[in-house]
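Descriptive analysis of the structure
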Amino acid sequence: MTAATTAPAEAQHTNAHIDPAAQVAAAGFVPVQTRSERPHSFEPADFGAPTGREVNWKHTPVAQLTSLFEVAPQNDGVSYTINAGEQYIAAPLAIGTAPRGEVFLAEDVTAAVAWQGSAEALHVRIPREEEVAEPIFVSIAGLGADRRADAHIVIEALEHSSATVVLQHTGSAQYAQNVEIIVRDGAKLSVISLQQWADDAVHASAHQARVGADATLKHFVVSFGGGVVRVNPNVELAGAGSEGYLYGLSYADAGQHLESQVYLHHKGPHTKGDVLYKGALQGQGAHSVWIGDVLIGADATGTDSYEANRNLVLTEGARADSIPNLEIETGDILGAGHASATGRFDDEQLFYLQARGISEEEARRLVVLGFLTDIVQRLGIPALEAELLAAIEAELAEVSA
């Protein structure tokens, strides 16, 4: 456990210096492997520029992210528009102003850059016991592939409130982003991060959440666009009876790199977690990366947890890396498991459909839609579900052309 973890108050109000090299040396030169042991710092220099050999960077095209390893000289690469729910936007949060930093601890250089480069954090705040019926839409539009931006966003659901917040990314930019999510006791919050960037956009984002007692977080990462998109969720089920549902959907085209490193930490007793990420890939050089880490802590008795990643490779030249990890520190749990599968079309499914008079092209379309629709239907926003299904249809039309 790091100094930043054991002293959260200090990390909240200062730029706590932690030297990863010193930590490795103190551990007897054993490289950090597990997600829970990674060093934390708000200073980019403490991490240095990644080489691609580090455990958390070895599947990432580091050379394409170099612009995000330093604070943006002009933080003007994106614009923000609140398309719905303006009344839930609170005053912006400077560094050291609560609740900014209550949960968030930067665990890589791009997260530290986003922390330092955002003088004021956007603060979405759901009042205590308020049930927000309509989704809150935050539009983040890139203003050019050569323009840089850093951001820290805080989404806070107070006690016994409920809401859905959608972060919708479009256009082109070089964007380093943090999303800090605080779900107070008894609250129910859904956060949807939708990446619909243009093909030349570069986006690295760290999402970190803490879920209180009897509270629920549904977290979605949906990535269809962008040249390199790396969205890494980190969720702590801290309170007794808390629940976390982490879902992901990606569709990688030729030359695209879409990545998520997911961490679910069961900390409190009687917590429930479900992680399911699905991806489709088509085209030369299409690449997806999913790394799933689940930690069931020593006090997380009565935990029920499962994580899975499924990938469907549609053409030659596409590649999916999928790595599930599970750590259990107590024997008193209801259940835990993980699974990963990557493959091509199921020939039996295709044969079944074709035997009933459906053309091969239409059969392939139905198989892919059935595979991905499972995640889409969990969003709970009919208009957004229809938009994503149309996007999937458009992607399928390209592979059939």
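Presented here is an overview of the structure given in this document.

About the criteria used
- Residues numbered from 1 in each chain as written.
- Predicted model: local features only at pLDDT ≥ 70, side-chain atom pairs only at ≥ 80, totals over all residues.
- Heavy atoms only, no water.
- Helix = DSSP H or I, 4+ residues; strand = E, 2+ residues; numbered from the N terminus.
- Polar contact = N/O pair within 3.5 Å; in protein donor to acceptor, adjacent residues only side chain to side chain.
- Contact = heavy atoms within 4.5 Å.
- Salt bridge = Lys/Arg side-chain N within 4 Å of Asp/Glu carboxyl O.
- Buried < 20%, exposed > 50% of the residue type's maximum accessible area, 1.4 Å probe, protein only.
- Core = buried A, V, L, I, M, F, W, Y, C linked by side-chain atoms within 4.5 Å.
- Phe/Tyr/Trp six-rings, centres within 6.5 Å; stacked < 30°, edge-to-face > 60°.
- Pairing = 2+ DSSP bridges.

Let's shift gears to the side chain of S242. By the element assignment, S242 lies in the loop between β9 (228-237) and β10 (243-252). Here G239 takes part through its backbone oxygen, which lies 2.8 Å from a polar atom of the side chain of S242. In this structure S242 touches V211, G212, D214, A215, L237, H270, T271 and K272, once residues within four positions along its chain are discounted.

Our next topic: the side chain of E385. Within the fold, E385 resides in helix α8 (residues 382-400). Other than its neighbours up to four places away in sequence, E385 contacts V376, Q377, L379 and G380.

Under the defined criterion, the tally for this structure stands at 16 salt bridges. Here R230 makes a salt bridge to E259, at a shortest N to O gap of 3.1 Å. Of this pair, R230 sits in strand β9 while E259 sits in strand β11 (residues 257-266), and the two are 29 residues apart along the sequence. Take R230: its relative accessible area is 1%, and that puts it in the buried class. The structure contains a network of salt bridges with shared partners spanning E102, E156 and R184.

By size, the foremost hydrophobic cluster in this structure holds 52 residues, and its most contacted members are L189 and L217. Aside from chain neighbours lying at most four places away, what touches L217 is I181, V183, L189, V191, A209, V211, V235, E243, G244 and Y245. By size, the runner-up hydrophobic cluster in this structure holds 34 residues, among which are F137, L314, A363 and I392.

Bringing the packing of aromatic side chains into the picture now. Evaluation of the coordinates by the stated rule reveals 6 aromatic pairs. Ring centres of F104 and W115 lie 6.3 Å apart, and the angle between their planes is 10°; on these two criteria the pair is classed as stacked. One end of the pair, F104, is in the loop between β2 (89-94) and α5 (109-117); the other, W115, is in helix α5, with 11 residues separating them in the sequence. On the basis of relative accessibility, which here comes to 0%, the residue F104 falls in the buried class. You can call W115 buried: its relative accessible area is 0%. Each member of the aromatic cluster is reached from another via a ring pair, and the members are F42, F104 and W115.

Turning our attention to the pairing of strand β4 (residues 136-157). Here β4 lies mainly inside the structure; 17 of its 22 residues are buried. In the sheet, strand β1 (residues 78-84) pairs with β4 via 6 bridges, with the strands oriented antiparallel. The residue bridging V78 from the neighbouring strand is G142, located in β4. Pairing of strand β3 (residues 120-126) with β4, which is carried by 5 bridges, proceeds in the parallel orientation. Each bridged residue has a counterpart across the sheet, and for H123 the counterpart in β4 is V154. As paired strands, β4 and strand β5 (residues 162-183) are joined by 18 bridges and run parallel to one another. Its bridge partner lying in β5, F137 is registered against V166.

Turning our attention to α5. Counting buried positions along α5 yields 8 of 9 residues, so the element is predominantly enclosed. Among the residues making up α5, those that are buried are V109, T110, A111, A112, V113, A114, W115 and G117. Packed against the buried residues of α5 are α4 (44-47), β4, β5 and β7 (202-211).

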